[in-house]
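Residue-level listing of the chains:
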Amino acid sequence: MKFMKLGSKPDAFLADGKSVRYISAELAADIAISVGEVKFCLHKFPLLSKSYRMQKLVLKANGENSDEINLVDFPGGPKAFEICAKFCYGMTVTLNAYNVVAARCAAEYLEMTEDVDRGNLIFKIEVFLNSSIFRSWKDSIIVLQTTRSLLPWSDDLKVVGRCIDSIASKTSIDPGNVNWSYTHNRKLASADRVLEEGIKFQERMESVPKDWWIEDLCELDIDLFKRVIVAVKSKGRMDANVIGEALRTYAVRWLPDSVDALVSDANQFRNKSLLETLIALLPSDVNSGSCSFLLKLLKVATLVGTDGLAREQLVKRVSLKLHEASVIDLLIPSWAPQSTKYDVELVKITKLETGMILLEHNSLLNVGKLIDGYLVEIAHDPNLSLSSFIELSQSIPDSARPIHDTLYRAIDVYLKEHQGLTKSERKRICGLMDVKKLTMEASIHAAQNERLPLRVVVQVLYFEQVRGAQALTSTQRDTSCSTTNTDEESDKMTVESCRKLEKQMSRIKIEDGDARKKGKLAKKASRNSRSGAQLLPSRSRRIFDRLWPVGKGHGEHKSSETSGSSQSPTSVVPADTKSSRSSTRRRRHSIS
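Owing to the predicted nature of the structure, the values given are computational and were not obtained by experimental measurement. (Residues numbered from 1 in each chain as written. Predicted model: local features only at pLDDT ≥ 70, side-chain atom pairs only at ≥ 80, totals over all residues. Heavy atoms only, no water.)

Caption draft 1: Spatial organisation of the sheet that holds strand E4 (residues 31-35). The sheet built from five strands is open, its strands ordered E2-E3-E5-E4-E6 with mixed pairing. With one partner strand each, in any of the chains shown, strand E2 (13-15) and strand E6 (68-71) form the two edges of the open sheet. Averaged over all pairs of adjacent strands, the angle between strand axes in this sheet comes to 25°, irrespective of strand direction. Helix H2 (residues 52-63) rests against E4 and E6 of the sheet, and its axis sits at about 135° to E6. (Pairing = 2+ DSSP bridges. Helix = DSSP H or I, 4+ residues; strand = E, 2+ residues; numbered from the N terminus. Axes fitted to C-alpha atoms, helices over the stretch in contact; angles between N-to-C directions. Contact = heavy atoms within 4.5 Å.)

Here's what the structure looks like:
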């Protein structure tokens, strides 16, 4: 830290308790000056030789036959006045970054100018500020912090402005030219550790990060921080992402983590003002800053109740970077009058602002995964309405959701948590899912899911059978050495088989209360269990038996028994039958 010593005489100021200060001298004090709660018993001559204001005040006091002067609203208080008084007496005074602004404002108040005496206190302080303080990074920040308690004096004397300009200029230089100490404790990279190890100077210079200045500035009050950031941006040489990182670090430093602290009566106004300032300072480049940080600001904005304009600005920024977010980022707590745990309406608004057509394919897929994952989380909320779930699910295009596994999981969770849904409501929510886009694992789970409507389970089983039949046919076609006629015949068989399955599926009638039909299905399920189909639950086996009855013909029954497969009926019976017929026809063709 820089400092400057003034005067050469020893300090002769003594104290009488906490409220009286006097000079140890042969001559008795002839004037008493009150500054705040402290009374200074001094001599007129040293003060009048340096201060024009003291000359006027003493003249006025003499006219009133008084030897007491009261200095009202003295900048810097008793400590600053004592520095000026010691300078008048020629006593040793040490100025540094912590007291120089107070001394400068006090000297201005006392009018200690060059017109009164050459080399007066104002001149000496200005030399110290310009030659030392404003050239030092740390001292400039300390001085800027002290100016807050000395407003408006410090601002009128342009100390604040000069300090800010000095700081902004230093942040904008090439990091390789930074040759002063700074604070940088955020996730030190390997290059940053060179600073701590203190090896070669040149290597240390090359390791300075672009955001080296952020942590030191985060110690400033929000008003001063705002002015510094505005000055940094006006220089036009700072990357927008670095500005965004500075705002993020400041938010982490000053915004409390707990919801109670955010919304408490003592801190809510302060937190609201701080947040609105940070939002206003966001760079004009909408791509700067992470989506996670913007969503955190949006969470706080929801809790502290920021004005609509600031919130709208955040929503637009988030919507442009939604593909970078995570599910946790979207879990924004709701606020009255909403009854849901999370602010689903805000996410829907953010989603609607997103230009889905303008997004690249990978970004579009990321948005699809994000929304489906979010649906899984909010589906646990018993207060989430069906319409909100459906509206949010339908807010993304089909191209953003090539696989419906996560959507199926969200639907399953919602059905589990909302068991009072009517039959039509269950049909509506399950209509969001395309069973043809389920993976095999999801299809197996859906086929055994008692919460799904019966028709959905039938569709899952049907498309799995079609998929298996097509896969088997494709394998046979690739490995077979038969002629084109045989291939055409195999294709014809596949089409006929699919048509037959469709006809059988269309004949299924869903009547949960029909006891006779349950009895028939139970008997068929029993026959299937004896033939080894134990991998599906009773409900799915009943459905499967209606679609592909087993044992109607001796040849088919024999074929299924001698296939040697241990798979479930859903993947064995149709395929084995088709394979047997196909191979027989091939043999006949080759013999003829």
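Caption draft 2: Local environment of the pattern of salt bridges. The full count for this structure, using the stated rule, is 23 salt bridges. For Arg148, the salt bridge goes to Asp221, with nearest N and O atoms at 3.2 Å. Of this pair, Arg148 sits in the loop between helix H6 (137-147) and helix H7 (153-156) while Asp221 sits in the loop between helix H11 (214-217) and helix H12 (222-235), placing them 73 residues apart in sequence. Among the residues examined, Arg148 registers a relative accessible area of 40% and is labelled partly exposed. Residue classification places Asp221 among the partly exposed residues on the basis of a relative accessible area of 29%. Between Asp155 and Arg227 there is a salt bridge, with its nearest N and O atoms 3.5 Å apart. A residue pair is termed long-range when its members are at least 10 positions apart, and Asp155 in helix H7 and Arg227 in helix H12 qualify at 72 residues. Shared partners join several salt bridges into a network, and the residues in it are Asp11, Arg21, Glu82 and Lys86. (Salt bridge = Lys/Arg side-chain N within 4 Å of Asp/Glu carboxyl O. Buried < 20%, exposed > 50% of the residue type's maximum accessible area, 1.4 Å probe, protein only.)

Caption draft 3: Molecular detail of helix H16 (residues 291-304). Between its first and last C-alpha, H16 extends 20 Å over 14 residues, near the 20 Å set by a 1.5 Å rise per residue. Counting buried positions along H16 yields twelve of 14 residues, so the element is predominantly enclosed. Residues of H16 that are buried include every one of Cys291, Phe293, Leu294, Leu295, Leu297, Leu298, Lys299, Val300, Ala301, Thr302, Leu303 and Val304, and no others. (Expected span 1.5 Å × (residues − 1).)

Caption draft 4: The packing of helix H4 (residues 100-109) against helix H5 (residues 121-131), seen in detail. For the pair H4 and H5, the least separation of the axes is 9 Å and the interaxial angle reads 150°. Comparing the axis directions of H4 and H5 gives the class roughly antiparallel. Like other packed secondary-structure pairs, H4 and H5 cross with a definite hand, here left-handed. For the pair H4 and H5, the contacting residues are Val100, Ala103, Arg104, Ala107 and Glu108 in the first and Leu121, Ile122, Ile125, Glu126, Phe128 and Leu129 in the second. Across the contact of H4 with H5, the residue classes break down as eight nonpolar, no polar and three charged. (Parallel < 35°, antiparallel > 145°, perpendicular 65-115°, else oblique. Left-handed = near helix turned anticlockwise from the far one by under 90°. Nonpolar A, V, L, I, M, F, W, Y, C, P; charged D, E, K, R; others polar.)

Caption draft 5: Local environment of the packing of aromatic side chains. Within the structure shown, the criterion is met by twelve aromatic pairs. Among the aromatic side chains, those forming a connected cluster through ring pairs are Phe40, Phe74, Phe81, Tyr109 and Trp153. The ring centre of Tyr109 lies 3.9 Å from the NZ or CZ of Arg53, which sits over that ring. The residue whose ring lies beneath Arg253 is Trp254, and the NZ or CZ to ring-centre distance is 4.2 Å. (Phe/Tyr/Trp six-rings, centres within 6.5 Å; stacked < 30°, edge-to-face > 60°. Lys NZ or Arg CZ within 6 Å of the ring centre and 35° of its normal.)

Caption draft 6: A look at the packing of helix H8 (residues 159-171) against H12. Two elements in contact, H8 and H12, have axes whose closest approach is 9 Å; the angle formed by their N-to-C orientations is 50°. As judged from the angle between their axes, H8 and H12 are oblique. The two elements H8 and H12 cross, and the hand of that crossing is right-handed. Residue-level inspection shows Val160, Ile164, Asp165, Ile167, Ala168, Ser169 and Thr171 of H8 in contact with H12, the latter providing Leu224, Arg227, Val228, Ala231, Val232 and Lys235. Here the contact of H8 with H12 is built from residues that sort into eight nonpolar, two polar and three charged.

Caption draft 7: Local environment of the environment of Leu303. Relative to the helices and strands, Leu303 is located in helix H16. Assessed through its relative accessible area of 5%, Leu303 is described here as buried. Residues Leu303 and Trp335, 32 residues apart in the sequence, show an inter-C-alpha distance of 6.8 Å. Excluding residues within four positions of it along the chain, Leu303 makes contact with Val259, Leu262, Val263, Gln268, Pro333 and Trp335.

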